[in-house]
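Okay, here's what each chain looks like letter by letter:
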Protein chains: 2
Amino acid sequence: MADYIESLQKLAEQFGRLQGVGRKSAMRMAFSVVEMDVSDAADFAAAIMEAKEKIHACPICGNLTDEDVCTVCNDDSRDRRIVCVVEDVKAVMSIEKVREYKGVYHVLGGVISPVNGITPDKIRFRELIERVGNDDVEEVIIATNPTPDGEVTAMYISKYLKPLGVKVTRLAYGIPVGSDLEYADEVTLGRAIEGRRDV
Amino acid sequence: MADYIESLQKLAEQFGRLQGVGRKSAMRMAFSVVEMDVSDAADFAAAIMEAKEKIHACPICGNLTDEDVCTVCNDDSRDRRIVCVVEDVKAVMSIEKVREYKGVYHVLGGVISPVNGITPDKIRFRELIERVGNDDVEEVIIATNPTPDGEVTAMYISKYLKPLGVKVTRLAYGIPVGSDLEYADEVTLGRAIEGRRDV
């Protein structure tokens with residue numbers, strides 16, 4: 001039946017394209033929209049377009065922002081001598097939530113994964129090397145996810161950074177191996193930052 | 001950090017208002033939107049507005065539709081002498097999926113719930129009585145959910161319908177097909193024994 005309400009079906013398909021949303025959830029969300037006030041639905045649609053139009057990568061670190069540079073790079077109290085290298089913006093969010101880290105970030109936008117054809121030139125690796133070479137960076141904390149690809153990326157980066165005379169550390173294994181930074185709780189993540197080690 | 005990307009936060013809040021979407025899922029969905037192409041995001045926003053503008057309740061049965069009447073009421077092969085009374089449109093969808101029911105529907109848009117201040121005049125109860133009185137209805141199948149409120153509603157409806165000389169039935173209770181007796185709760189099992197049939 002509702003399979004034939006074309007506009008409902010189309011909306012459910014849109015929700016279904018979002019990460020982690022299954023078919024049933026997508027239909028439930030589409031129903032929620034139908035049950036909303038018209039003005040609320042308009043706000044929702046506008047929020048999508050606004051986010052899409054305003055949000056872009058920070059030219060310095062690759063973090064997301066709706067300003068010229070991101071809030072971290074724009075914050076003078078942050079220590080620019082410490083750069084935390086992460087896979088994606090979600091990792092930045094997770095670390096920021098701990099409120100313990102006072103350095104800045106470098107978002108790779110992925111990890112090196114030969115199997116999937118992701119070579120170092122497909123991620124923001126060159127930008128990292130340039131940044132460390134040009135800026136007054138003293139320590140690079142590699143906070144890629146504790147997955148095989150994340151590990152390979154960490155090794156690769158450290159191999160290139162060490163000759164530049166910079167201290168390279170890796171988050172301590174407080175993070176459960178094989179999981180994703182996004183799901184780590186604040187305490188575990190805090191311990192991991194605190195116990196970071198030379199690589 | 002990303003807490004301060006206002007447009008991302010606003011979008012996540014919009015997702016969070018949907019039924020069954022938690023805070024983390026909402027943020028993940030907002031990220032998905034940011035990662036989309038602009039045209040895809042525009043399609044998404046348009047689908048929301050389109051669904052909201054086009055979809056409305058069927059004037060006959062209360063089911064959702066983007067036509068004048070819903071596909072069930074518009075289908076001449078459906079038996080109008082049998083009316084299945086459901087709480088909401090999702091129930092219509094569930095029953096339609098079975099492809100066994102050939103009658104029509106009446107969507108109450110809720111259940112009687114004195115505790116929550118939902119009296120019979122707050123749901124499409126009067127419309128049901130009128131419909132049964134005017135149309136050539138022979139059987140009303142009450143398919144409200146097997147919850148206390150659903151039961152009360154079923155009782156209330158049957159009390160009003162029986163004097164009209166219409167057959168009133170209720171969906172059978174029992175053990176779900178394919179499940180294990182061990183996992184059936186006592187109430188369900190009790191009903192299953194009560195409703196046992198000759199074989």
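In this text, all values refer to a predicted model and were calculated from it rather than measured experimentally.

## Considering helix 2 (residues 23-35) of chain A
Here's step 1: Over its 13 residues, helix 2 of chain A extends 19 Å from the first C-alpha to the last, a length consistent with the 18 Å expected when each residue adds 1.5 Å.
Here's step 2: Along helix 2 of chain A, the residues classified as buried are A26, M27, M29, A30, F31, S32, V33 and V34 of chain A.
Here's step 3: On the buried face of helix 2 of chain A, the contacting elements are helix 1 (6-16) and helix 3 (38-54) of chain A together with helix 2 (23-35), helix 3 (38-54), strand 2 (64-65) and helix 4 (89-98) of chain B.

## Section: the pattern of salt bridges
Residue and element names in this part refer to chain B.
Here's step 1: Counted under the stated rule, the structure contains 16 salt bridges over all chains.
Here's step 2: Between R170 and E151 there is a salt bridge, with its nearest N and O atoms 3.0 Å apart. Here E151 lies in helix 6 (residues 148-161) and R170 lies in strand 6 (residues 167-170), a separation of 19 residues in the sequence.
Here's step 3: Among the residues examined, R170 registers a relative accessible area of 26% and is labelled partly exposed.

## Describing the pairing of strand 4 (residues 103-107) of chain B
Residue and element names in this part refer to chain B.
Here's step 1: With five of its five residues buried, strand 4 lies for the most part within the structure.
Here's step 2: As defined by bridge partners, strand 3 (residues 79-86) adjoins strand 4 across five bridges and the pair is classed as parallel. Looking at the pairing, V86 lines up with V107 of strand 4.
Here's step 3: Read as a crossover between parallel neighbours, the route from strand 3 over helix 4 to strand 4 is right-handed.

## Quick word on the packing of helix 1 of chain A against helix 3 of chain B
Geometry of a packed helix pair, given as the angle between the helix axes and the separation of the axes.
Here's step 1: Relative to each other, helix 1 of chain A and helix 3 of chain B sit at 145°, their axes nearing to 9 Å. Crossing of helix 1 of chain A against helix 3 of chain B: the hand is left-handed. Residues S7, K10, L11, Q14 and F15 of chain A of helix 1 of chain A form the contact with helix 3 of chain B, whose participating residues are D40, D43, F44, A47, I48, E50, A51 and K54 of chain B.
Here's step 2: Among the residues making up the contact of helix 1 of chain A with helix 3 of chain B, the classes are represented as six nonpolar, two polar and five charged.

## Describing unusual backbone geometry
All names here are of chain A.
Here's step 1: The backbone of R99 shows a phi angle near 55°, a positive value even though the residue is not glycine.
Here's step 2: Mapped onto the elements of the fold, R99 is located in the loop between helix 4 (89-98) and strand 4 (103-107).
Here's step 3: By relative accessible area, R99 is classed as exposed at 60%.

## Brief notes about the pairing of strand 5 (residues 139-142) of chain B
Residue and element names in this part refer to chain B.
Here's step 1: The two faces of strand 5 match: E139 and I141 on one face and V140 and I142 on the other face are all buried.
Here's step 2: Of the pairings in the sheet, the one linking strand 3 to strand 5 comprises four bridges and is parallel in character. Counterpart to V83 in the pairing with strand 5 is V140.
Here's step 3: Note that strand 5 and strand 6 share four bridges and pair parallel. From the neighbouring strand, E139 faces strand 6, where its bridge partner is K167.
Here's step 4: Handedness of the crossover is the feature at issue here: the chain leaves strand 5, passes through helix 6, returns alongside strand 6, and the resulting connection is right-handed.

## Structural notes on the interface of chain B and chain A
Here's step 1: Contact residues are listed per partner, giving 54 residues for chain B and 54 residues for chain A.
Here's step 2: Each partner contributes to the roughly 5,200 Å² buried at the junction of chain B and chain A, and carbon and sulfur atoms together form 68% of this total.
Here's step 3: Note that D40 of chain A is salt-bridged to R17 of chain B, the shortest N-O span being 3.1 Å.
Here's step 4: Remark: the boundary between chain B and chain A carries 14 residue pairs in polar contact (both at pLDDT 80 or more).
Here's step 5: Secondary structure elements with two or more residues in the side of chain B that touches chain A: helix 1 (6-16), helix 2, helix 3, strand 2 and helix 4 of chain B.
Here's step 6: The element contributing the most residues to the side of chain B that touches chain A is helix 3 of chain B, with 14 residues.

Analysis parameters
- Residues numbered from 1 in each chain as written.
- Chains lettered and ligands numbered in written order.
- Predicted model: local features only at pLDDT ≥ 70, side-chain atom pairs only at ≥ 80, totals over all residues.
- Heavy atoms only, no water.
- Helix = DSSP H or I, 4+ residues; strand = E, 2+ residues; numbered from the N terminus.
- Expected span 1.5 Å × (residues − 1).
- Buried < 20%, exposed > 50% of the residue type's maximum accessible area, 1.4 Å probe, protein only.
- Contact = heavy atoms within 4.5 Å.
- Salt bridge = Lys/Arg side-chain N within 4 Å of Asp/Glu carboxyl O.
- Pairing = 2+ DSSP bridges.
- Right-handed = clockwise from strand over helix to strand, strands pointing away.
- Axes fitted to C-alpha atoms, helices over the stretch in contact; angles between N-to-C directions.
- Left-handed = near helix turned anticlockwise from the far one by under 90°.
- Nonpolar A, V, L, I, M, F, W, Y, C, P; charged D, E, K, R; others polar.
- Buried area = accessible area lost by both parts, 1.4 Å probe.
- Polar contact = N/O pair within 3.5 Å; in protein donor to acceptor, adjacent residues only side chain to side chain.

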